[in-house]
Structures are given as structure tokens and as C-alpha cells.
Amino acid sequence: LSAASVRAALVRFAAGGRLRQAVLRALARELMENQVHGLRQAFLHLDRDVDGVLSLADLGTDGFEAAEVQLAIDQVGTGSARAKGLGYSDFVAVLLPQRVAMRPQQLACAFERLDAECSGHLTGASLQQALARSHGVYGSTISLTLLRDAAQELDAIGGLDLPRF
């Protein structure tokens with residue numbers, strides 16, 4: 001896993017919708033250790049200054065894309081790591097679509113956790129309720145702003161069922 005591929009995934013993640021970001025963060029919490037072992041090793045390798053976050057300097061950006069990558073880091077970073085760079089949980093969420101094979105039962109489990117109303121259909125309200133209820137699980141990885149924006153996007157598309165999830 002190269003710094004260039006992480007930069008590209010980070011920019012794509014930041015440019016994606018807030019709903020997509022929230023769902024990927026939730027899915028990242030469902031992964032088993034063996035599914036993210038390679039990502040953990042890649043994160044540790046890229047974290048040159050060994051401070052637990054990937055900064056612009058760690059990702060080795062060059063001048064013409066540094067501003068874009070820094071903006072993505074600022075948009076994606078959460079929790080205490082945000083001021084310095086991209087923390088590990090954000091790193092996993094960013095790379096999840098390209099690097100991790102999710103098992104169907106994991107997707108179903110994540111969907112059920114987010115379906116607070118047990119209706120088989122996610123709405124903005126059910127997403128907010130589920131994430132508020134499990135704040136200890138998702139707390140530092142999903143900001144209130146991201147949650148609000150994701151709920152609005154979800155309502156704008158008429159909700160989401162498991163096959164579309």
C-alpha cells in the first residue's frame with residue numbers, strides 16, 4: 001500500500017457524500033482483526049514520525065496536490081487526531097472500499113445496527129437514533145455534523161434498504 005494510493009483514496013473519500021462517509025465509518029467498526037491486519041501494518045509503516053496519525057508529511061505529498069490532500073485530511077479527520085492528521089479508524093474507513101472484502105453477514109449486521117426502528121429501511125431519523133444510542137461504539141469516528149449531513153442525504157434519497165446498503 002503506497003502513500004500515493006492512500007492520498008487518492010483519501011481525496012475520493014472526502015469528495016464522497018456524507019452518508020457514504022458515515023456508513024463506511026460504521027462498517028469499519030464491524031471488521032474483524034484479521035480483515036484489517038494488513039491495513040494496520042500499512043498505517044504503521046506510513047506513520048513515519050510514530051505519533052499515531054498520518055499527517056501531510058507522512059503521506060509524502062508533493063507540492064501540486066498538498067493543498068487538496070490537506071483539505072481532505074481536515075474534512076475526514078475526527079477526534080483528537082484531527083488537528084494533526086488522519087487517525088487509524090479514519091484510515092480504515094477511507095481504505096475500506098478498495099482494500100477490505102466485507103462479508104455479507106457483516107453488511108447485514110451493520111445494517112441492523114443502524115436500523116434503530118427494525119423496519120428494514122434506514123431513514124435519517126433511524127440513523128441518528130442508532131448512532132446516538134451506540135455513541136460509545138461510533139463516538140469518536142462520527143461527528144455530529146457528519147451525522148446530521150448523512151441523515152439529510154439519507155432522507156433526500158428516500159432512505160435505504162439492505163440490498164442498496
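Residues numbered from 1 in each chain as written. Predicted model: local features only at pLDDT ≥ 70, side-chain atom pairs only at ≥ 80, totals over all residues. Heavy atoms only, no water.

Digging into unusual backbone geometry
Link 1 in the chain: Even without glycine at this site, Val50 takes up a positive phi of about 50 degrees.
Link 2 in the chain: Structurally, the position occupied by Val50 is in the loop between helix H3 (33-46) and strand S1 (53-54).
Link 3 in the chain: Judged by relative accessible area, Val50 falls into the exposed class, the value being 69%.
Link 4 in the chain: Phi at Cys118 takes a positive value of approximately 50 degrees, unusual for a residue other than glycine.
Link 5 in the chain: Mapped onto the elements, Cys118 comes out in the loop between helix H6 (104-114) and strand S3 (121-122).
Link 6 in the chain: Taking the relative accessible area as the measure of exposure, Cys118 reaches 69% and is therefore exposed. (Helix = DSSP H or I, 4+ residues; strand = E, 2+ residues; numbered from the N terminus. Buried < 20%, exposed > 50% of the residue type's maximum accessible area, 1.4 Å probe, protein only.)

What to know about helix H5 (residues 88-99)
Residue pairs spaced three or four apart in an α-helix point in one direction, given the helix's 3.6 residues per turn.
Link 1 in the chain: Helix length check: H5 (twelve residues) gives 14 Å between terminal C-alpha atoms against 16 Å at 1.5 Å per residue, more than 12% under.
Link 2 in the chain: Among all positions of H5, only Asp90, Phe91, Val92, Ala93, Val94, Leu95 and Leu96 are buried. (Expected span 1.5 Å × (residues − 1).)

Comments concerning the side chain of Asp58
Link 1 in the chain: Relative to the elements of secondary structure, Asp58 occurs in the loop between S1 and helix H4 (63-76).
Link 2 in the chain: The side chain of Asp58 is buried and forms no salt bridge, while Arg48, the nearest opposite charge, is found at 5.1 Å. (Lys, Arg positive; Asp, Glu negative; His and termini not counted. Salt bridge = Lys/Arg side-chain N within 4 Å of Asp/Glu carboxyl O.)

Focus on the packing of aromatic side chains
Link 1 in the chain: By the definition in use, this model includes four aromatic pairs.
Link 2 in the chain: Centroid distance Phe43 to Tyr88: 5.4 Å. Interplanar angle 80 degrees. Geometry classified as edge-to-face. Note that Phe43 is positioned in helix H3 and Tyr88 in helix H5, a separation of 45 residues in sequence.
Link 3 in the chain: Looking at Phe43, the relative accessible area reads 5%, which means it is buried.
Link 4 in the chain: Aromatic side chains Phe43 and Phe91 sit 5.2 Å apart centroid to centroid with 65 degrees between the ring planes, which places their arrangement in the edge-to-face category. Separated by 48 residues along the polypeptide, Phe43 in helix H3 and Phe91 in helix H5 bring together distant segments of the chain. In this pair, the class of Phe43 matches that of Phe91, namely buried.
Link 5 in the chain: In textbook terms, an aromatic cluster arises when at least three aromatic residues are bridged by ring pairs, as seen for Phe43, Tyr88 and Phe91. (Phe/Tyr/Trp six-rings, centres within 6.5 Å; stacked < 30°, edge-to-face > 60°.)

Fair warning: the whole summary comes from geometry, so function is off the table for now.
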